[in-house]
Amino acid sequence: MSAPPALPAMWHPLVRGFLDTPGAAQRVVHRYGSPAHLLFPQVFADNLHRLRQVLDGQLRRYRICYAHKANRSRALLRTGEHAGIAVDAASPQELAAAVGAGFTADRIEVTGPKGEAFLRQLVGTGVTINVDNLWELHRIADLARGHTRVPVLLRVSGFPAAAVSRFGIPLAEAGAALAVLAEQRDWLAFRGFAFHLDSGELGERVAAVQECLALVEQAYARDLSPSVLDIGGGFRQVFTADAARFDGYVAALRESLRGRGEPMAWGGNTFGFHLDDTGVRGTPVFHKYANTVPATGMLADLLSAPLDAHGGRTVAQVVAENLLDVWLEPGKALVDHAGITVARVEFVKRAADGSVLVHVDLSRDTVTPADQEVMVDPLVLPGPAGSGDEPVGVFFAGRLCLERDLITNHKVWLPRCPRSGDLVVFPNTAAYHMDLSAASASMHPLPPKLAVLHRDGGYRVCRDLEYEPVTDADRAVPGTGGRL
Ligand SMILES: *Cc1c(COP(=O)(O)O)cnc(C)c1O
């Protein structure tokens, strides 16, 4: 018999080492309860180190602003502060968290739509405001008048070939924004242009860089002196450890949606595929889980991409010639593999159609970004004992009393059937999985966040809020041996 379809997860060696330590996860759950989110600040530091290596090789001046909204963890925020990077805060609460974690105004950038109250709070603090729209720009100038000069970036959007964005100033209005900046130069300290694309397409980013460079010229013409090009975030994560098996799983899933082979979808789910007489088409909601290009690869490709409008010189060369500092706002790329979520199996049952349901003590929105299906296999602890264990295809069900609270709507094959009390480990949950849709409708308390530190050959666990990075040795990831 061939192996059942599988979605093997990539694990960071440090996380893997923790899970392979007999009893380690069980002890954490025993002490802090289940479910729990576990964060690995050393993995964050490792991700940062890898991004810096790419940047150091190509740029003289750059700034990394960690997009805090990817995870509320203070341990990760403290790790970024300790490592000397900047932060991108997108709400008054994130700003307060950043200040509390030690970031000073010169290392804080505020992005996103802001509103009157937040703008009033920001003006005069010295943080850089990444401006979303013309109303905001006018308001900042009005609020600053007579008091202070406010550092601003202009976020632009609407690049050729890119999907329309609800954020930023359309390119067609950039001239009007520059006019305001020139007129209000006593109150607005213009730092440069910014964009943020949620796409993995190199061409879209290159086009955005090119448009921004053209805007830099327009700014010079108005006697403004931009010094920053902020290329945003959107650098991808790698979830899968085996792209071929991932593709094999999706192929089997598509067949099953056509009614061939073993059923693999719960309750008529089609995962964004379109089904008609001729087959299964379209892009599934879970496409990001197929990605195999790491953030460092995306970044290296962008920096070395040739620019048509600049005689084929690369992005890195042209920004250097223009004396521009490159700012980045990575969120998920910094927290990639820096978090897992552990839950406990309550019971296993069969549904009327024969499906095996593994009930765990958390709900779908604790480990799944809104509207997506997470396509990496969770790990069940303890692992198979050996003889007598048979692979079994299951659906994981959540604890909410709602039909839709299925943690996986796709079938997951496990090496053995779980038992009550086993632990289920959901991989790579730090970026947006943990917080973005975590609902409290059921009145279950939010799972605690814990920080796990590898030290002296063992693992130490404390509450996220209590974690303190201590030395540079925090960055050392033992046994990594290159990339993951
Ligand atoms: C969310 C966000 C980011 C971070 O995005 P990632 O995809 O997590 O890297 C960066 N910049 C802005 C403006 C954002 O809104």
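Residues numbered from 1 in each chain as written. Predicted model: local features only at pLDDT ≥ 70, side-chain atom pairs only at ≥ 80, totals over all residues. Heavy atoms only, no water.

1. Here we look at unusual backbone geometry
Then, in step 1: In the segment running from Ser34 into Pro35, the intervening peptide bond is cis, with an omega of -5 degrees.
Then, in step 2: Of note, Pro35 is situated in the loop between α2 (24–32) and β1 (36–39).
Then, in step 3: Leu381 connects to Pro382 through a cis peptide bond whose omega is -5 degrees.
Then, in step 4: Structurally, the position occupied by Pro382 is in the loop between β15 (379–381) and β16 (392–397).
Then, in step 5: Positive phi is not limited to glycine here, since Ala161 has a value of about 75 degrees.
Then, in step 6: With phi around 55 degrees, Leu323 is a residue other than glycine that occupies positive phi space.
Then, in step 7: Structurally, Leu323 is set in the loop between α12 (315–321) and β12 (325–328). (Helix = DSSP H or I, 4+ residues; strand = E, 2+ residues; numbered from the N terminus.)

2. Focus: the packing of helix α8 (residues 174–183) against helix α9 (residues 202–221)
Then, in step 1: Their axes nearest at 10 Å, the elements α8 and α9 cross at an angle of 35 degrees. By crossing handedness, the relation of α8 to α9 is classed as right-handed. Contacts between α8 and α9 involve Ala174, Gly175 and Leu178 on the former and, on the latter, Leu215, Gln218 and Ala219.
Then, in step 2: The residue inventory of the contact of α8 with α9, partitioned by class, reads four nonpolar, two polar and no charged. (Axes fitted to C-alpha atoms, helices over the stretch in contact; angles between N-to-C directions. Left-handed = near helix turned anticlockwise from the far one by under 90°. Contact = heavy atoms within 4.5 Å. Nonpolar A, V, L, I, M, F, W, Y, C, P; charged D, E, K, R; others polar.)

3. Description of the nonpolar core
Among soluble globular proteins, nonpolar side chains are generally buried collectively.
Then, in step 1: By size, the foremost hydrophobic cluster in this structure holds 124 residues, and its most contacted members are Leu38, Phe193 and Ile231.
Then, in step 2: Tallying contributions element by element places α9 first for this core, with eight residues.
Then, in step 3: When residues of this core are sorted by domain, at least three fall in each of domain 1 (1–40 + 241–290 + 337–484) and domain 2 (42–236 + 293–332).
Then, in step 4: Those residues in contact with Phe193, other than ones at most four positions away along the chain, are Leu153, Leu154, Val156, Leu178, Cys212, Leu215, Val216, Ala219, Val228, Leu229 and Asp230. (Core = buried A, V, L, I, M, F, W, Y, C linked by side-chain atoms within 4.5 Å. Buried < 20%, exposed > 50% of the residue type's maximum accessible area, 1.4 Å probe, protein only. Domains from an automatic or database assignment.)

4. Here we look at helix α5 (residues 92–100)
Then, in step 1: When we look at burial in α5, the residues that qualify are Glu94, Leu95 and Ala98. Looking down the long axis of α5, one finds its buried residues gathered within 100 degrees of arc, a one-sided arrangement. Of the residues in α5, the exposed ones pointing more than 90 degrees away from the buried face are Gln93 and Gly100.
Then, in step 2: Check the buried side of α5 and you find it contacts α4 (74–82), β3 (86–89), β4 (108–110) and α6 (115–122).
Then, in step 3: Just past α5, the residue Gly102 takes up positive phi, approximately 105 degrees. (Arc of directions from axis to C-beta.)

5. Some details on the site of the ligand
Then, in step 1: Neighbouring the ligand are 13 residues; Lys69, Gly234, Glu329, Lys332 and Tyr432 lie closest to it.
Then, in step 2: Within the side chain of Glu329, an N or O atom sits 2.6 Å from a nitrogen atom of the ligand.
Then, in step 3: Relative to its unbound accessible area of 390 Å², the ligand is 91% covered by the protein chains.
Then, in step 4: Tallied by class, the residues present in the shell around the ligand amount to three nonpolar, five polar and five charged. (Near = heavy atom within 4 Å. Polar contact = N/O pair within 3.5 Å; in protein donor to acceptor, adjacent residues only side chain to side chain. Areas by Shrake-Rupley, 256 points an atom, 1.4 Å probe, with all protein chains shown as cover.)

6. Quick notes on the domain arrangement of the protein
Then, in step 1: In terms of domains, the protein is made up of domain 1 (1–40 + 241–290 + 337–484) and domain 2 (42–236 + 293–332).
Then, in step 2: Measuring from the centre of the C-alpha atoms in domain 1 to the corresponding centre in domain 2 gives 33 Å.
Then, in step 3: Contacts between the two partners involve 33 residues from domain 1, matched on the other side by 20 residues from domain 2.
Then, in step 4: Together domain 1 and domain 2 conceal approximately 2300 Å² of surface at their shared face, both sides included; 54% is due to carbon and sulfur atoms.
Then, in step 5: Taken together, domain 1 and domain 2 are joined by two salt bridges.
Then, in step 6: We note a salt bridge from Arg74 to Glu468, for which the minimum N-O separation is 3.9 Å.
Then, in step 7: Counting every contact that joins domain 1 to domain 2 gives 13 residue pairs in polar contact (both at pLDDT 80 or more).
Then, in step 8: For the side of domain 1 that touches domain 2, the secondary-structure elements that each account for two or more residues are α1 (13–20) and β19 (449–455).
Then, in step 9: Ranked by residue count, the leading element in the side of domain 1 that touches domain 2 is β19, at five residues.
Then, in step 10: When grouped by side-chain class, the residues that make up the side of domain 1 that touches domain 2 number 19 nonpolar, six polar and eight charged. (Buried area = accessible area lost by both parts, 1.4 Å probe. Salt bridge = Lys/Arg side-chain N within 4 Å of Asp/Glu carboxyl O.)

7. Quick notes on the pairing of strand β8 (residues 188–194)
Then, in step 1: Of all seven residues that make up β8, six are buried, and the element is covered over most of its length.
Then, in step 2: In terms of strand pairing, strand β6 (residues 150–157) meets β8 through six bridges, oriented parallel. Residue pairing in the sheet places Val152 in a bridge with Phe190 of β8.
Then, in step 3: Where β8 meets strand β9 (residues 228–230), three bridges bridge the pair, whose relative direction is parallel. Of the residues in β9, the one forming a bridge with Ala194 is Asp230.
Then, in step 4: One crossover worth recording links β8 to the parallel β9 by way of α9, and it is right-handed. (Pairing = 2+ DSSP bridges. Right-handed = clockwise from strand over helix to strand, strands pointing away.)

8. Some details on the environment of Val424
Then, in step 1: Note on placement: Val424 falls in strand β18 (residues 423–426).
Then, in step 2: A sequence separation of 46 residues divides Val424 from Pro378, and the C-alpha atoms of the two residues are 6.4 Å apart.
Then, in step 3: Sequence-distant contacts of Val424, that is, excluding residues within four places in its chain, are made with Thr341, Val342, Ala343, Val345, Val360, Pro378, Leu379, Val380 and Phe396.

9. Remarks on the UniProt feature "modified residue: N6-(pyridoxal phosphate)lysine" (unreviewed entry) in the protein
Then, in step 1: UniProt annotation of "modified residue: N6-(pyridoxal phosphate)lysine" (unreviewed entry) refers to Lys69 when read in the numbering used here.
Then, in step 2: Locating Lys69 in the fold gives a position in the loop between β2 (62–67) and α4.
Then, in step 3: On the accessibility criterion, Lys69 (44% relative accessible area) is partly exposed.
Then, in step 4: With residues near it in sequence (within four places) discarded, Lys69 still touches Glu94 and Tyr432. (UniProt positions renumbered as here; feature names shortened; annotations may be inferred.)

10. Notes on the packing of aromatic side chains
Then, in step 1: Applying the stated criterion to the full structure yields 11 aromatic pairs.
Then, in step 2: When the ring of Phe246 is compared with that of Phe286, the centres are 6.5 Å apart and the planes differ by 75 degrees; the resulting orientation is edge-to-face. Within this pair, whereas Phe246 is found in helix α10 (residues 243–257), its partner Phe286 is found in the loop between β11 (279–281) and α11 (295–303), the two being separated by 40 residues in sequence. In terms of burial, Phe246 and Phe286 fall into one category: buried. (Phe/Tyr/Trp six-rings, centres within 6.5 Å; stacked < 30°, edge-to-face > 60°.)

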